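Take a look at the letters that make up each chain.
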Amino acid sequence: MIIEDELPAQQQILRLLAKHFPELKIAGIIDSLTDAAKWLKVNTPDIIFMDVELSDGNCFELFKMVEVKSRVIVTTAYEQYALNAFKAKAIDYLLKPIEDDAFVESVNRCVEMMNVPKQVAPDGVEAGLKSYKQRFTITLGSQIVVVDLQRVAYFVSENKSTYLVTLEKKEYVLDEGLDAVEAELDPKQFYRIARNCIASLNSIDKISKFFNQRLKVSLKPEYKEQILVSRARVPALMDWLEGKCM
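Every value quoted in this text rests on a predicted model; they were computed, and no experiment measured them.

Caption draft 1: Region of the structure containing unusual backbone geometry. That bond from Lys 96 to Pro 97 is cis: its omega, -5 degrees, falls within 30 degrees of zero. Here Pro 97 shows up in the loop between strand S7 (92–95) and helix H5 (100–114). Here the amide bond leading from Lys 220 into Pro 221 is cis, since omega sits at 0 degrees, within 30 degrees of zero. Backbone geometry at Asn 159 places phi at a positive 50 degrees, although glycine is not the residue there. If you trace the backbone, Asn 159 turns up in the loop between strand S12 (152–158) and strand S13 (161–166). Accessibility expressed as a relative area gives 76% for Asn 159, which makes it exposed. In this structure, Lys 169 takes a positive phi of about 70 degrees despite not being glycine. Positionally, Lys 169 belongs in the loop between S13 and strand S14 (171–174). Overall, the relative accessible area of 57% leaves Lys 169 in the exposed class.

This is the structure in structure tokens:
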């Protein structure tokens with residue numbers, strides 16, 4: 001379902017769906033909160049693309065009017081609603097004009113959630129698969145910055161502080177320590193390559209052999225200190241690089 005009151009924005013979403021997800025059926029297009037609330041009282045689409053500022057109010061009022069059980073992707077031209085979107089448990093927050101890669105990634109995330117299998121615990125009770133953090137919210141004075149994990153290159157610990165470093169080389173100080181950060185990350189995408197560094201797969205630039213059977217890892221953006229992987233951790237690192245981690 002598309003909840004959007006601007007015709008160009010409606011057409012862009014329709015084009016992106018037709019181009020990348022022709023198998024998805026479009027339930028319809030709604031341009032107001034009132035009509036959306038009425039429709040959602042009797043229908044539950046798998047995915048909703050929802051603009052923030054609609055013809056009769058702010059989309060977040062909809063969550064007070066009706067129980068929204070669908071996976072919501074917020075689409076807007078404004079950055080300041082990101083925190084509201086994630087508080088409403090939106091799956092993603094896409095800025096207009098929507099880029100193809102970001103759109104495909106968001107929809108794929110929704111599709112994967114719809115098809116997530118259940119784990120069976122030892123006692124026979126079904127348990128959901130562990131979920132990992134998708135983004136960090138960082139307070140900068142009176143502002144809150146939302147950083148998607150796909151933009152994160154690595155986390156480093158320096159002088160008793162933990163820093164998040166993006167692929168664009170922006171640095172943010174986190175309130176939590178490196179151990180706490182590690183527990184929240186998907187081990188398929190992030191690995192603790194050294195005591196003071198957790199790197200994303202996308203940040204690995206070069207790996208070379210080093211003295212005493214260790215490995216030297218070069219990151220992008222470049223990290224100011226030399227990063228060495230101990231001999232004992234080399235097999236685990238290689239497994240991670242080959243996608244063998246659990």
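Caption draft 2: A look at the nonpolar core. Ile 3, Ile 48, Met 50, Leu 62, Val 68, Val 74 and Tyr 93 are the most contacted members of the largest nonpolar core, which totals 25 residues. Among the elements that take part in this core, helix H2 (residues 33–40) stands out by supplying 4 residues, more than any other. Those residues in contact with Tyr 93 that sit more than four places away from it in its chain are Val 74, Thr 76, Tyr 78, Glu 79, Gln 80, Tyr 81, Ala 82, Ala 85 and Phe 86. Core analysis: the next-biggest nonpolar cluster, separate from the first, contains 19 residues, Ala 153, Tyr 154, Ile 193 and Ile 227 among them.

Scoring rules and cut-offs
Residues numbered from 1 in each chain as written. Predicted model: local features only at pLDDT ≥ 70, side-chain atom pairs only at ≥ 80, totals over all residues. Heavy atoms only, no water. Helix = DSSP H or I, 4+ residues; strand = E, 2+ residues; numbered from the N terminus. Buried < 20%, exposed > 50% of the residue type's maximum accessible area, 1.4 Å probe, protein only. Core = buried A, V, L, I, M, F, W, Y, C linked by side-chain atoms within 4.5 Å. Contact = heavy atoms within 4.5 Å.

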